[in-house]
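Residue-level structure breakdown
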Amino acid sequence: MAKRDPLKAYREKRDFAVTPEPQGGKGTPSGDLYVIQKHAARRLHYDLRLELDGVLKSWAVPKGPSLDPADKRLAVRTEDHPLDYADFEGVIPKGYGAGAMMLWDFGSWEPLEDPQQGLAKGALKFRVRGQRLQGTFALIKMKTKGEKRENWLLIKERDEFVDVDTDVTSRWTDSVQSERGMDAIRSSNNVAGRQKAKSRTRGKLMFVPPQLATLKEQPPEGEEWLHELKYDGYRIQALIANGHARLLTRNKKDWTSRYPAIAKALSELKVDQAIVDGELVAIDDDGRSNFGSLQNADPSTALRYYAFDLLHLNGEKLIKKPLLERKKRLAAVLTGSAAVIHYSDHIEGAGEQVIRRACAMQLEGIISKKRNAAYRSGRGRSWIKSKCIGNDEFVVGGYRRSDKSGRSFSSLLLGEYLDGKLHYRGRVGTGFDDRSLSSLAAQMQRLERATSPFDETPREARDRAVWITPKLVAQVAYAERTAEGRLRHPSFLGLRQDKQAREVTSEMTKATRGTIDILGVRLSNPDKIMFPDQGASKADIAGYYKRYGKTVLKHVENRPLSLMRCPDGREGDCFYQKHYKTSVPEHLEAIDIKEKSGTTKPYLMINSVKGLIASAQLGALELHVWGARADRIERPERIVFDLDPDVSLPFSVVKTAAKELRDVLAAADLESFPLLTGGKGIHVVVPLERRRDWHDVKLFARGLASKLAGAAPDRYVATAAKARRKGKIFIDWLRNERGATAIAPYSLRARPGAPIATPVSWSELGSIESAAAFNLGNIDERMADPRSDPWEGYDSVRQSVTAAHLRTVT
């Protein structure tokens, strides 16, 4: 059977002896080519083309694309075009589609689902990274009867690139390839004219929209990544030709005259033509890049240009070459360059070690790049940035009047764009000097307006607020962000003149792309791996609490607790948090408790399944609870004996000890329940009626532990000193004093394998082989068992520590 020609319809409609359009077969597949061509045929329209299955799938969009989700633009499906049509510009003669055509946008695209299935079902969602358009779009097929053509709708999806105020077809009217307008292209009205036009533009260097990095909390691991230092400066692309260098910012502003020494040094490179990508920085006395110094640079400021990529060299486009090859050629080009030009070196692999070293040197962070990746304009995942401290751009939406004489304002009100709306991110009131205060006050005065530009304006931002039209962009350093995106300890570094306010989109959103909602709780970065050896993510933890939250709450709700938080996962740094802070998610609650010092402080509590999910959002891997409930905090309602074995002891010895302790308690008419800790030991838990205070309960627990240790000193020890535990089991009674906590039943543990502290029955304990027998991987099977409540009857037990008990152990 003859192979179907996907370009048959395209070729049948054209006479290639007449038209300058390519016949096809010479294009090089890249797999993700995205093109929009402006076509002044009988009716002006824009041709959207997406590379798929070796051809360009094509739609004619009469009104052109829009960045407003409310604009649903008609897109008529046309025949597939060849790949070498992607860079076509010229004039098409009469016969088919007569008129001038220009390359209006060019870049790459990424389907957000299976593209073949999307086309078949009539709903294709995709992300484009073009020189002009960025973000997510959808093509939706319309249901029409009797129509021979396929009518679709091109719709902008809601993301950080939404812009309801800009008509992109009016904003950009020239070619991204030749920088010609339609009139200039019409002058090339035949094949010869087209060749002449190409010859005129072939040697001209054109700005390449920069590749941008996606923010992640940790750098990627693996040998396929290389890591460079992140500089705090201006992104500058240098276009070098005929002994002259132009310095262009990321939004194509020409700053050649602003930094003549850098331009001169680059123009002296031994090349005929080159496009170099890099960062212009000011170096402080400690050898670090300093944005504030760069913004206020004078002739004495030490400026450096750190070159990290080479996009074009002597007539050869390099953007499709592997990064490592581009960097090797860049290093050769920079050999012997002036002292102000530096090659940005890299380390291959070992991303975690590189970021730790960078942070130890108090640097901003690192950029991780796939060593074999091509250069792709726009933000993608082959460049990842990881920061030691926060340092970002924010839009100034207003300022707070100062109550101090002689000061123009006390703080700036900051925001970021998200889904086309300006979201409030907090105030910055430090980092200003007299010069910046005066300059900012003058600029803001000209921009004052009556209404707030923020989507929602919290009460804290309204006090003494003066609103301004959001046009100024501030560079701000900060310690961290809250879960809601507010800045902690921000400091003003300077105004950015190389970025438009609309470019300042939420890095928080980009870093957590794919944020999900679980029972009304926002879970950012849901795919972040919290247990590397298990492959368990933050979403897996939240899903566990969603499924079994009611069971967990039986042992957690209305109790003060401590969270073991591991924001970077089990293998990262972990810490305990017991006090409630206003920065924690709304579903976590508080109880005021008087401490030993006499002061009262709020302690954390979780009283809902949403609260458990919110703890997962915080990176909490363990829940440790008090032995008393909030309504009677001075009356404990359980005793916990923690059987903590020496590492040399097998689990069988721990099980024997637990049963022996059970029998001792039973002899005292106290019923107990075993809990696998998820570590190496067992908790023997004794429920109590709330009749005794902490002193009595602790006295009994310590006395009983000491009695057992005295009766069997070769097996047990009741003191915490590790030197005395060798070959023995420590009966830890210290869990039973005021303020002490113990792992909650059904809590995860921050240990290998994602184990879960699991209640078991005495009858099944003998067959269990490990204190970490249950984990995220097998807990569903256990919980599905109708006998999965091994502590049945726990809540109905009525017993207490009596005076007789205290006499027995003291």
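This part is about the overall build of the protein chain. For the protein chain, the count of helices and strands is 19 helices and 45 strands. With the C-alpha coordinates of the protein chain rotated into their principal frame, the extents come out at 110 × 80 × 55 Å. Burial analysis of the protein chain (810 residues in total) assigns 55% to the buried set. Once local pairs closer than 6 in sequence are excluded, the contacts in the protein chain between residues at least 24 apart make up 66%.

For the rest of this paragraph, the subject is the sheet that holds strand E41 (residues 682-687). Here six strands make up an open sheet; going across it, the order is E42-E43-E39-E41-E40-E45 and the pairing mixed. This sheet does not close on itself; its edge strands, each paired only once, are strand E42 (716-717) and strand E45 (758-759). By the bridge criterion, two bridges tie E42 to strand E43 (residues 729-732) in an arrangement that is parallel. The residue of E43 that forms the bridge with Val717 is Phe730.

In space, the five strands of this open sheet follow the order E10-E20-E19-E11-E18, with mixed pairing throughout. The open sheet has two edge strands with one neighbour each: strand E10 (211-215) and strand E18 (347-348). Here strand E11 (residues 225-229) pairs with E18 via two bridges, running antiparallel. Considered in E18, the bridge of His227 is made with Ile347. With respect to the sheet, helix H8 (residues 323-334) is in contact with E11, E18 and strand E19 (365-370), its orientation differing from that of E11 by roughly 45°.

Applying the stated rule across the entire model yields one disulfide. A disulfide bridge connects Cys566 with Cys574, and the sulfur atoms are separated by 2.1 Å. Disulfide Cys566-Cys574: the torsion about the S-S bond is 115°, which places it as right-handed. The buried category is assigned to Cys566, whose relative accessible area is 0%.

The subject of this paragraph is the packing of aromatic side chains. Per the stated rule, a full pass over the model turns up 25 aromatic pairs. Plain terms: the ring middles of Tyr234 and Trp255 are 4.9 Å apart, the flat faces sit at 80° to each other, and that makes the pair edge-to-face. One end of the pair, Tyr234, is in strand E12 (residues 234-241); the other, Trp255, is in the loop between strand E13 (244-249) and helix H6 (260-267), and 21 residues separate them in sequence. Across the pair, Trp255 and Tyr234 agree in class, each one buried. These aromatic residues form a ring-pair network of at least three members: Tyr10, Phe16, Tyr85 and Phe88. The ring of Phe137 carries Lys156 above its face, with NZ or CZ at 5.1 Å from the centroid. Above the face of the Trp762 ring, Arg662 is positioned so that its terminal group lies 5.0 Å from the ring centre.

This part takes up the side chain of Ser368. Along the chain, Ser368 falls in strand E19. In terms of polar contacts, Ser368 uses its side chain to reach the side chain of His227, at 2.7 Å. Once residues lying within four places of it in the same chain are set aside, the contact partners of Ser368 are Pro219, Pro220, Trp225, Leu226, His227, Ser382, Trp383 and Ile384.

Next up on the list: the confidence of the model for the protein chain. On average, residues of the protein chain score 85 in pLDDT, and 91% of them are at 70 or above. This model gives residues 508-514 a pLDDT under 50, and the stretch forms 20 contacts once residues within four places in sequence are excluded.

With the rule as written, the count across this model stands at 45 salt bridges. When the shortest N-O distance is used, the salt bridge between Glu325 and Arg329 registers 3.7 Å. Of this pair, Glu325 and Arg329 both sit in helix H8, four residues apart, roughly one helical turn. The partly exposed category is assigned to Glu325, whose relative accessible area is 31%. On the accessibility criterion, Arg329 (25% relative accessible area) is partly exposed. One salt bridge connects Arg662 with Asp663, and the closest N-O pair in it is separated by 3.1 Å. Counted as one network, the salt bridges with shared partners bring together Lys13, Arg14, Glu21 and Glu79.

This next bit is on the pairing of E43. Where burial is concerned, the two faces of E43 agree: the one with Ile729 and Ile731 and the one with Phe730 and Asp732 are both buried. Across four bridges, strand E39 (residues 638-645) lies against E43 in antiparallel orientation. The residue of E43 that forms the bridge with Leu643 is Ile731.

Attention now goes to the packing of helix H13 (residues 538-553) against helix H14 (residues 609-617). Closest axis-to-axis distance for the H13/H14 pair is 8 Å, and the angle between their directions is 150°. When the interaxial angle is binned, H13 and H14 end up roughly antiparallel. For the pair H13 and H14, the sense of crossing is right-handed. Across from Lys538, Ile541, Ala542, Tyr545, Lys546, Gly549, Lys550, Val552 and Leu553 in H13, the residues of H14 making contact are Val609, Leu612, Ile613, Ser615, Ala616 and Gln617.

So, on to H14. Judged by how many residues are buried, H14 sits mostly within the fold: eight of nine residues are covered. Listed in full, the buried residues belonging to H14 are Val609, Gly611, Leu612, Ile613, Ala614, Ser615, Ala616 and Gln617. The inward-facing, buried residues of H14 abut strand E30 (516-518), strand E31 (521-523), H13, strand E34 (561-565) and strand E38 (620-625). One or two positions beyond H14, positive phi appears at Gly619, with a value near 80°.

This part takes up the environment of Ala213. The residue Ala213 is located in strand E10 in this model. Residues Ala213 and Lys13, spaced 200 residues apart in sequence, show a C-alpha to C-alpha distance of 43 Å. Filtering out sequence-adjacent residues up to four positions away, Ala213 remains in contact with Ile367, Arg379, Trp383, Ile384 and Lys385.

Further remarks concern the side chain of Ser386. Following the sequence through the fold, Ser386 ends up in strand E20 (residues 378-387). The residues contacting Ser386, other than those within four sequence positions of it, are Lys216, Gln218, Pro219, Ile355, Glu364, Gly365 and Ile366.

Below, the discussion takes up H8. Counted at 1.5 Å a residue, the expected span for H8 with its twelve residues is 16 Å, and the 16 Å between its end C-alpha atoms agrees. The set of residues buried in H8 consists of Leu323, Leu324, Arg326, Lys327, Leu330, Val333 and Leu334. For H8, the secondary structure elements touched by its buried residues are E11, strand E14 (273-282), strand E15 (303-313), strand E17 (341-343), E18 and E19. Immediately beyond the C-terminal end of H8, within one or two residues, lies Gly336, with a positive phi of roughly 80°.

Attention now moves to the pairing of strand E6 (residues 99-111). In terms of residue burial, E6 counts as a mostly covered element, since ten of its 13 residues are buried. As defined by bridge partners, strand E1 (residues 33-40) adjoins E6 across eight bridges and the pair is classed as antiparallel. What sits directly across from Ile36, in E6, is Asp105. As judged from the three bridges shared by strand E5 (residues 90-92) and E6, these two strands associate in the antiparallel manner. Bridge pairing in E6 places Ile92 opposite Gly99. Examined bridge by bridge, E6 and strand E7 (residues 123-130) share five bridges and lie antiparallel to one another. In the sheet register, Gly107 faces E7, and the bridge partner there is Gly130.

Thresholds applied
Residues numbered from 1 in each chain as written. Predicted model: local features only at pLDDT ≥ 70, side-chain atom pairs only at ≥ 80, totals over all residues. Heavy atoms only, no water. Helix = DSSP H or I, 4+ residues; strand = E, 2+ residues; numbered from the N terminus. Buried < 20%, exposed > 50% of the residue type's maximum accessible area, 1.4 Å probe, protein only. Contact = heavy atoms within 4.5 Å. Pairing = 2+ DSSP bridges. Axes fitted to C-alpha atoms, helices over the stretch in contact; angles between N-to-C directions. Disulfide = S-S within 2.5 Å. Phe/Tyr/Trp six-rings, centres within 6.5 Å; stacked < 30°, edge-to-face > 60°. Lys NZ or Arg CZ within 6 Å of the ring centre and 35° of its normal. Polar contact = N/O pair within 3.5 Å; in protein donor to acceptor, adjacent residues only side chain to side chain. pLDDT = per-residue confidence, 0-100. Salt bridge = Lys/Arg side-chain N within 4 Å of Asp/Glu carboxyl O. Parallel < 35°, antiparallel > 145°, perpendicular 65-115°, else oblique. Left-handed = near helix turned anticlockwise from the far one by under 90°. Expected span 1.5 Å × (residues − 1).

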